[in-house]
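Overview (structure and organization)
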Amino acid sequence: TQPRDHLCTLKAASMESGLDNHRMWQDVPFNKELGVMELNAVDLNSYYALDAWCLGRIASELGRDADARELLDEFEEMKTCINDRLWDDEQQLYANRFWDGSFSKRTSPTSFLPLLSGVATPGRAKALVESWLLNEARYWSTHVISTIPLDDPSVTESDSPLRAGIWPPMNYL
């Protein structure tokens, strides 16, 4: 079945992220035929990897060794894919990648989710933390992690907290 037209939009797809009004979704091509953004998102892939790892550990505790191995193998495969395809050497961070192969230059706290999911390599984790997370010109603010870089020229005082300030769910993670 085809999705309903009002649900098959860039706005509807961006709302699935939990960061509905975020600048990282601006200028992302939307494939109406498939009903998806033409973007491989760091957050969704990191959550998927973390889910596979957690479920693998649960299966192991329950003695379901075949399920555990399958899920932990899935985690390792996702870890490899994220590191191979979503690490942007130029920016030195995990970045959303368009289907044409180019990286998005719009960053967000979702770039730090490979730290949470156990995907980031030690060297990449260090680069993320030192150059981005703890950098007071980028993300580290009086309210911990801002939703977009503090040096983003598009931020105005009238922007909503999600567009310019903090977003509690991201800080919680």
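Here the structure is shown first, and the text comes after it.
What you see is a predicted model; the values in this text were computed from it and never measured.

Quick notes on the rules
Counting starts from 1 at the beginning of each chain's written sequence and moves along it residue by residue. Totals for whole chains, interfaces and linings use every residue, but because this is a predicted model, local features are given only for residues with pLDDT of at least 70 and side-chain atom pairs only at 80 or more, for both listing and counting. Hydrogen atoms and water are omitted, and side-chain values are computed over all heavy atoms in the structure. Here, the term nonpolar core denotes a set of buried Ala, Val, Leu, Ile, Met, Phe, Trp, Tyr and Cys residues that are joined through side-chain atoms within 4.5 Å. Relative accessibility thresholds used throughout: buried, under 20% of the residue-type maximum; exposed, over 50%; partly exposed, between the two (1.4 Å probe, protein chains only). Each helix is a run of DSSP H or I of at least 4 residues and each strand a run of E of at least 2, with the numbering of both proceeding from the N terminus. A helix is expected to reach a length of 1.5 Å times the quantity of its residues less one. Two rings from Phe, Tyr or Trp (for Trp, the six-membered ring) form a pair when their centres are within 6.5 Å of each other. A pair whose planes differ by under 30 degrees is stacked, one over 60 is edge-to-face, and the rest are tilted. Within this analysis, patches are made of residues with over 30% relative accessible area and no salt bridge. Like charges are joined at 9 Å or less; nonpolar side chains (Val, Leu, Ile, Met, Phe, Trp, Tyr) at 5 Å or less. Per-residue accessibility takes into account occlusion by the displayed protein chains alone, with areas from the Shrake-Rupley method and a 1.4 Å probe. A pairing counts as a salt bridge when a side-chain nitrogen of Lys or Arg comes within 4 Å of a carboxyl oxygen of Asp or Glu. The axes used here are C-alpha line fits, helices contributing only the stretch in contact, and every angle between their N-to-C directions lies in the interval 0 to 180 degrees. Should an angle lie under 35 degrees it is considered roughly parallel, over 145 roughly antiparallel, and from 65 to 115 roughly perpendicular; all remaining angles are considered oblique. Handedness of a crossing is defined here by the sense of rotation of the near helix relative to the far one, left-handed for an anticlockwise turn of less than a right angle and right-handed for a clockwise turn. We call two residues contacting when some pair of their heavy atoms lies within 4.5 Å. In this count, Pro and Cys sit with the nonpolar residues alongside Ala, Val, Leu, Ile, Met, Phe, Trp and Tyr, while Asp, Glu, Lys and Arg are called charged and the others, Gly among them, polar. Each direction from the helix axis to a C-beta atom contributes to the arc, which is the arc of those directions.

1. Points about the nonpolar core
Membership of the largest hydrophobic core comes to 20 residues, with the highest contact counts inside it found for Ala49, Ile82, Tyr94, Phe112 and Leu128. Counting only elements with at least two residues in this core, the list comes to helix H2 (42-61), helix H3 (65-85), strand S5 (93-94) and helix H5 (122-133). Of all hydrophobic cores here, the second largest spans seven residues; its members include Met24, Trp25, Ala41 and Phe98.

2. Concerning H2
Its 20 residues give H2 an end-to-end C-alpha distance of 29 Å, which sits within 8% of 28 Å, the value for a rise of 1.5 Å per residue. The complete set of buried residues in H2 reads Val42, Asp43, Ser46, Ala49, Leu50, Ala52, Gly56 and Ala59. One or two residues past the end of H2 sits Gly63, with phi positive at roughly 75°.

3. Looking at the packing of aromatic side chains
Applying the stated rule across the entire model yields three aromatic pairs. With 5.3 Å between their ring centres and 85° between their planes, Phe112 and Tyr139 make a pair best called edge-to-face. One end of the pair, Phe112, is in the loop between strand S6 (97-98) and helix H4 (113-116); the other, Tyr139, is in the loop between H5 and strand S7 (140-141), and 27 residues separate them in sequence. For the pair Phe112 and Tyr139, a shared accessibility class is recorded, and that class is buried. Residues Trp132 and Tyr139 carry aromatic rings whose centres are separated by 6.4 Å and whose planes lie at 45° to one another, so their mutual orientation is tilted. Take Trp132 and Tyr139: they sit in the same class, and that class is buried.

4. Structural notes on a nonpolar patch on the surface
Taken together, Leu34, Val36 and Trp99 make up a surface patch of nonpolar side chains, about 280 Å² in accessible area. Its location among the elements puts Trp99 in the loop between S6 and H4.

5. Remarks on the packing of H2 against H3
In contact at an axis separation of 8 Å, H2 and H3 are set at 155° when each is read in the N-to-C sense. It follows from the interaxial angle that H2 and H3 lie roughly antiparallel. Considering the relative orientation of H2 and H3, their crossing is left-handed. Residues Asn45, Ser46, Tyr48, Ala49, Ala52, Trp53, Leu55, Gly56, Arg57, Ala59 and Ser60 of H2 form the contact with H3, whose own contacting residues are Asp67, Ala68, Leu71, Leu72, Glu74, Phe75, Met78 and Ile82. Within the contact of H2 with H3, the residues separate by chemical class into 12 nonpolar, four polar and three charged.

6. Considerations on H3
With 21 residues, H3 extends 30 Å between its outermost C-alpha atoms, agreeing within 8% with the 30 Å of an ideal straight helix rising 1.5 Å per residue. Of the residues making up H3, those classed as buried are Ala68, Leu72, Phe75, Met78, Ile82 and Asn83. Viewed end-on, H3 has its buried residues packed into an arc of 125°, placing them on one side of the element. The exposed set on the far side of H3, more than 90 degrees from its buried face, consists of Ala66, Glu70, Asp84 and Arg85.

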